[in-house]
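# Residue-level structural notes
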Amino acid sequence: MTPAVIRLAAEAAERRSAEVTDWGARIAWVVGLLVFIAFVYWLMRQGWKWRGALQSDLPELPAAPGGLPEHRLALTGRYHGSTTAGQWLDRIVAHGLGVRSRVELTLTDAGLDVVRPGATDFFVPAAQLRGARLDKGIAGKVLTEGGLLVVTWAHGDKLIDSGFRSDRAAEHAAWVEAVNLMNQSITTEGAER
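Before going into details, it helps to say that this report is about the structure given with it. Here the structure is a predicted model, which means the values were calculated and not measured.

## Thoughts on the overall build of the protein chain
- From N to C terminus, the protein chain includes three helices and nine strands.
- Walking the protein chain from its N terminus toward its C terminus, one meets helices and strands in the order α-α-β-β-β-β-β-β-β-β-β-α.
- For the protein chain, whose C-alpha radius of gyration is 28 Å, the value lies well above the compact-globule estimate of 16 Å for 193 residues.
- Along the longest, intermediate and shortest principal axes, the C-alpha atoms of the protein chain span 110 × 35 × 30 Å.
- Across the 193 residues in the protein chain, those meeting the buried criterion constitute 32%.
- Expressed as a percentage of contacts within the protein chain between residues at least 6 apart in sequence, the contacts between residues at least 24 apart total 61%.
- Summed over its atoms, the accessible surface of the protein chain is roughly 11900 Å², and 60% of this surface lies on carbon and sulfur atoms.
- Taken as two groups, the 21 positive and 21 negative side-chain charges of the protein chain have centres that lie 8 Å from each other.

Criteria and thresholds
- Residues numbered from 1 in each chain as written.
- Predicted model: local features only at pLDDT ≥ 70, side-chain atom pairs only at ≥ 80, totals over all residues.
- Heavy atoms only, no water.
- Helix = DSSP H or I, 4+ residues; strand = E, 2+ residues; numbered from the N terminus.
- Rg over C-alpha atoms; globule rule 2.2 N^0.38 Å.
- Buried < 20%, exposed > 50% of the residue type's maximum accessible area, 1.4 Å probe, protein only.
- Contact = heavy atoms within 4.5 Å.
- Areas by Shrake-Rupley, 256 points an atom, 1.4 Å probe, with all protein chains shown as cover.
- Lys, Arg positive; Asp, Glu negative; His and termini not counted.
- Charge placed at Lys NZ, Arg CZ, Asp CG, Glu CD.

What follows is the structure in structure tokens.
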């Protein structure tokens, strides 16, 4: 071998990375990172609980009365959350309204029955319905334009927007029309009295 080849072989051997020998420092970094992630999740949970405490003035959600009349419309899909009406980022978490879930919606002459497997069911009496519209987002969930059915309703002294997405999005327009017609007939009846 020539001296140049020996020198190149020595330089190549020096360029190899050193073996990791400081396992304690690496383990400390991993443990520190895991503690930091756990702390962030704990803070998020505390924020959720704090928001629920701030909204504790919201009355309990009504349950569906027995013997509901025949349904006008029904759909299955997803419940994406509820917000203060007109403020699509002000999520309401009190009484389980912030929990996303599957949903079975039924519109009857008595009101809107919201059945959520794994979460709190609730009922919106017909007199409390204020309207419905198609929208693209609610409380951190953004879809295509018109991909979300938003129903506005009164609960206590607060107006609430609840967002739903049907498994068959073509149903949304019929729901908007039915809820708005129901609201108009209730408003007209109330004005005549």
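Structure's up, so let's keep going.
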